[in-house]
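In case you want the letters, here they are:
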Amino acid sequence: MNIKINFKKQVFNKSNENLILFVEENFNISSLKKSISSSDYSYISDLLKTRDFKKKIITFDISSKKKIILVSLKKNLTSSEIENLGADCYKIIKELKESNFFINSDTAMKKSKNFVGHFLHGIRLKSYLFEKYKSNKTSKNIIINIFGKNIPTMTDQAKFNAIEEGTFYARDLVSEPGNVLHPDEYAKRINSLKKYGLKINVYDEKKLKKLGMNTLLGVGQGSIRGSYLVTIEWSGLKNKSRPLAFVGKGVCFDTGGISIKPARGMEDMKWDMGGAAAVTGAMCALAGRKVNHNVVGIIGLVENMPDGNAQRPGDVVTSMSGQTIEVINTDAEGRLVLADVLTYVQQEYKPEAIIDLATLTGAILVALGKEYAGLFSNNDALSEQITSAGRKVSEKSWRMPMEEAYNKMLKSHIADMKNIGGMYGGSITAACFLHRFVENNTPWAHID
């Protein structure tokens, strides 16, 4: 589905065009007398007397060729709620035969700053489709024309566009099948981000061996594909201040290795590089918005396959930090990748804070379902910043405990630690494992 947004200043023929208008809560349309014809106003007023106001958006068929869509707005809407309204509106208009719509921005004049920008942002985010491998692609084009005085500035439009581009880039990555987006291809694609002013470095297996990244390499040694560390740098400040670091797990496909997963649902394991995709998309968006901060994104790219050369349960590997790990379960592989990446980012960049993102454990879904991400941190201030920011954009997180009792579950008889902690508290022991690779009490947060 293609969405085209036009910003218009001229007056249009309100008698013939499809309209999207904003009204007060409970569909009080008294403010619309100047925005629609008197006949349309009377028609809608009569129909509203019999409508269910539980819906936030109602469509009125004025004629066979004309529709008016009313969007009901409660007081004190957050930006996330506005974007959700835009997404809901998109779900309606994509099913209609009509493809050309006009939004009267003046009907939202008394709402929050940049209301229309957030509403359109929601529409565009919802319009995303991945049809690269479909023979018959969606052919409908939707044109949305915005007129009135409440139009976002060019600067604001550019900021929204940057977020959308980064988001779509991440979505494209996680949508690709594993036979296409393996580590070799992923590393190659990231180089295209240089056009945004990002500095990209790709470290192959030879370089990783010199760095001592044996835990990362161990995960990928059963695959015919290469394993990589990729750094993505944005220098938003002229000085050399310590950057904020984002670290992403990039297991491009996860069979579980020798500890192989059940066949059912294994096709979804192409998503096990979601953390790396989120970091890559975020760096794209930050550069697009020219954020006034130094930021580095670092991802570890591997493929976890069962092979004659694959890592075995019971193997002991030495991490870049020098700590040794007994690999009890080869399907607890993401933490092995992140362990070396965490060590590298601290030694190379000395960041002000680290946030790692990973599709790390199924246990977190058992604990929190799909509504909240699990948040683990060694720093209260950083944890509160993440929670607060997520609350504003409906990306909710729940801080989980990391007590010593869980840490003891990682004890190994032959190495410094095991890579799993047992049957219970799986997401917590995974976070405790990662915390062992955070040095000098660097502010760190792990989002599972």
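Higher on the page you've got the structure.
Residues numbered from 1 in each chain as written. Predicted model: local features only at pLDDT ≥ 70, side-chain atom pairs only at ≥ 80, totals over all residues. Heavy atoms only, no water.

1. Section: the packing of helix H4 (residues 154–175) against helix H8 (residues 274–288)
Geometry of a packed helix pair, given as the angle between the helix axes and the separation of the axes.
Right, on to step 1. The contact between H4 and H8 brings their axes to 8 Å, and the two run at 155 degrees. Taken together, the axes of H4 and H8 lie roughly antiparallel to each other. Note that H4 runs across H8; the crossing there is right-handed. Contacts between H4 and H8 involve Ala162, Ile163, Gly166, Tyr169, Ala170, Leu173 and Val174 from the first element and Gly274, Ala277, Ala278, Thr280, Gly281, Cys284, Ala285 and Gly288 from the second. (Axes fitted to C-alpha atoms, helices over the stretch in contact; angles between N-to-C directions. Helix = DSSP H or I, 4+ residues; strand = E, 2+ residues; numbered from the N terminus. Parallel < 35°, antiparallel > 145°, perpendicular 65-115°, else oblique. Left-handed = near helix turned anticlockwise from the far one by under 90°. Contact = heavy atoms within 4.5 Å.)

2. Some points on the packing of aromatic side chains
Right, on to step 1. What the rule picks out here adds up to nine aromatic pairs.
Right, on to step 2. Geometrically, the ring pair formed by Tyr128 and Phe168 is stacked, given 5.4 Å between the ring centres and 25 degrees between the ring planes. On the criterion of sequence distance, the pair formed by Tyr128 in the loop between helix H3 (115–126) and strand S6 (141–147) and Phe168 in helix H4 is long-range, its members being 40 residues apart.
Right, on to step 3. Between Phe130 and Tyr133, the aromatic rings sit 6.0 Å apart at their centres with planes inclined by 55 degrees, giving tilted as the arrangement.
Right, on to step 4. Note on Phe130: relative accessible area 24%, which makes it partly exposed. (Phe/Tyr/Trp six-rings, centres within 6.5 Å; stacked < 30°, edge-to-face > 60°. Buried < 20%, exposed > 50% of the residue type's maximum accessible area, 1.4 Å probe, protein only.)

3. With respect to the nonpolar core
Right, on to step 1. Counting residues in hydrophobic clusters, the biggest one holds 44 residues, and the most contacted among them are Leu229, Ile298, Tyr344, Val345 and Phe433.
Right, on to step 2. If you list the elements that add at least two residues to this core, you get helix H7 (214–220), strand S9 (244–254), strand S10 (294–304), helix H9 (334–349), helix H10 (363–368) and helix H13 (426–435).
Right, on to step 3. Counting residues per element, this core draws most heavily on H9, which supplies nine residues.
Right, on to step 4. Once residues within four sequence positions are removed from consideration, Tyr344 is found in contact with Tyr203, Leu211, Met213, Leu229, Thr231, Ile298, Met320 and Tyr349.
Right, on to step 5. The next biggest cluster of nonpolar side chains, apart from the first, holds 35 residues, and it includes Ala170, Cys252, Ala277 and Ile299. (Core = buried A, V, L, I, M, F, W, Y, C linked by side-chain atoms within 4.5 Å.)

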